[in-house]
Each structure stands twice: as structure tokens, then as C-alpha cells.
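Coordinate analysis (summary)
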Amino acid sequence: MRNTKTLRTATTRTVAALIFALLAIAPAADAQDREERWEFSLGTFFQLGTTVDGQEGAGIETDNNFGFSIGGGYNFTDNLATTFGLQWAGVGYNASALDEDLNPVDISGKYDSFTVSGNLVYYFGDGALAPYVSARIGWTWIDTNIPNGPPNTWCWWDPWWGYVCSTSYPTETKNAFSYQAALGLRYDFDNDMTFMRLGWTSQWMDFDNASGTPRFDVITLEIGWLF
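A few points on the structure. (Residues numbered from 1 in each chain as written. Predicted model: local features only at pLDDT ≥ 70, side-chain atom pairs only at ≥ 80, totals over all residues. Heavy atoms only, no water.)

**A closer look at unusual backbone geometry**
- With a phi close to 60°, E36 is a non-glycine residue in the positive phi region.
- Along the chain, the position of E36 falls in the loop between α1 (2–24) and β1 (37–47).
- Taking the relative accessible area as the measure of exposure, E36 reaches 56% and is therefore exposed.
- A positive phi angle, near 60°, is found at N145, a position not held by glycine.
- With respect to the secondary-structure elements, N145 resides in strand β7 (residues 129–147). (Helix = DSSP H or I, 4+ residues; strand = E, 2+ residues; numbered from the N terminus. Buried < 20%, exposed > 50% of the residue type's maximum accessible area, 1.4 Å probe, protein only.)

Here it is in C-alpha cells:
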């Protein structure tokens, strides 16, 4: 837990220092026209580890992991925009579970997280380099990759390999309402088409069996195109 908090604090300071450094050169950037234009973006993000407390002393501690995102949006003005997108991450974890006799059981593995969301963004200024704040709501699906039923096997005749059988296991899944708050910087390149966004996002997920509302901090980096 202490290592997670230390890394989160150090990363926050690093991102803040980078944002202030970029802001220092903001007056030298030329203005760009975003008003009434659509955009498309691809990105990566780094999700910092966190601790989620459950019931009866159970809990989970997640690792630091990278993920990917794809999104689009529309700029109503140079200052106000809306975006929407999909995020995916495979997150490693160590969990403390309880068996039916309430005896502790240690579990480790990796879950898949998918989030779809809509976002409202406000840019401070209409120059090429613009700080922004945003608020987002969405829905998150998590596949724990933990089997929760008997295997399913099916077989077929393959034209290349002959008679083939495959087996899969149903897994435990969870879904939750999620919401985010973010701040960062956007830079529009001189070609009036390409842009880049660097941001810090805090995401909360409303899981039924969690103690409180777990928070996940994420560093995002996107590159996009206006059209």
C-alpha cells in the first residue's frame, strides 16, 4: 500500500511539472481553429495501482498497467467540446478472498476492463497550447477471468486440420457505473489537423460490494486528427 501511494505521489509531481513546463511556452504557440470541427483520437494510458476494500475483510490491490483508448468528438467552439470513447486495459492484481468458512485465501491474476464513456471538455484559451478540464460519465465492464462454471466443449470438422475440439470456461464478470474528472493540456500542431493531449484522470467505479467508491488514477496520452 505504501509503495502504491509513494508512486502515485511521485507520478503526480512529475505530470504537474511537465504541465507547468508546457504552460511556460504557451504564449509562443500560434492560435488554431477548432470550432465546429470533428476529431478522432488514439491513445495509451498508464493506470496507477490502487486498493479496493470489500466485505468481511476481503480486498484487492491492483498493479500499475498500461491500456489503450480510441475516441471521437466534436468541438462546438474553440473552448467547448464533447468526446466519446472506449478504453481497454488488462490489469494485474493480488486479492485477499474468503472461503465459505471465512478463512483467508490469496488470489493473484489479471482482469480485463472495458469502459465506454461520454465527456464534456472545456479549454482555457483558443491557442495551439490550451489547458483543459473535463468531466466524464460511462459504464465499465470487468471480466475477472475467474471460472464460475463447468467448461463448454464443442467440436467441428475443419477443412485444414480435420476434426477439432475446443474448450472454454465461463468467467465471473462485473459491471459498474463510472465517472471521471480530468485536467491536462492539448497541443494543436501547425498543420491545423493533428493534435496531442496529455492529461491526468481520476476515475471512480460504483461497485455494489466495494467499501466506498474505488478511485483509479490514470495518466493519458492521445494523438488525434481534426477534420
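**Here we look at the pairing of strand β4 (residues 65–75)**
- Pairing analysis gives 11 bridges linking β1 to β4, with the strands arranged antiparallel. Residue L42 lies in a different strand from β4, and its bridge partner there is I70.
- Taken together, the 9 bridges between β4 and strand β5 (residues 80–98) define a ladder with antiparallel strand orientation. Residue pairing across strands places G67 opposite A89, the latter belonging to β5.
- The turn joining β4 and β5, which pair antiparallel and follow one another in sequence, is formed by 4 residues. (Pairing = 2+ DSSP bridges.)

**Considerations on the side chain of T220**
- When you line up the elements, T220 lands in strand β12 (residues 215–226).
- In this structure T220 comes out as buried when scored by relative accessible area, which is 11%.
- Discounting residues that sit within four places of it in the chain, T220 has contacts with T44, F45, R197, L198, G199 and T201. (Contact = heavy atoms within 4.5 Å.)

**As for the state of the cysteines**
- For the coordinates displayed, the defined rule picks out 1 disulfide.
- Between the sulfur atoms of C155 and its disulfide mate C165 the distance is 1.9 Å. On the sign convention where negative is left-handed, the bridge of C155 and C165, at about 105° about the S-S bond, is right-handed. On the criterion of sequence distance, the pair formed by C155 in strand β8 (residues 152–158) and C165 in strand β9 (residues 162–168) is long-range, its members being 10 residues apart. (Disulfide = S-S within 2.5 Å.)

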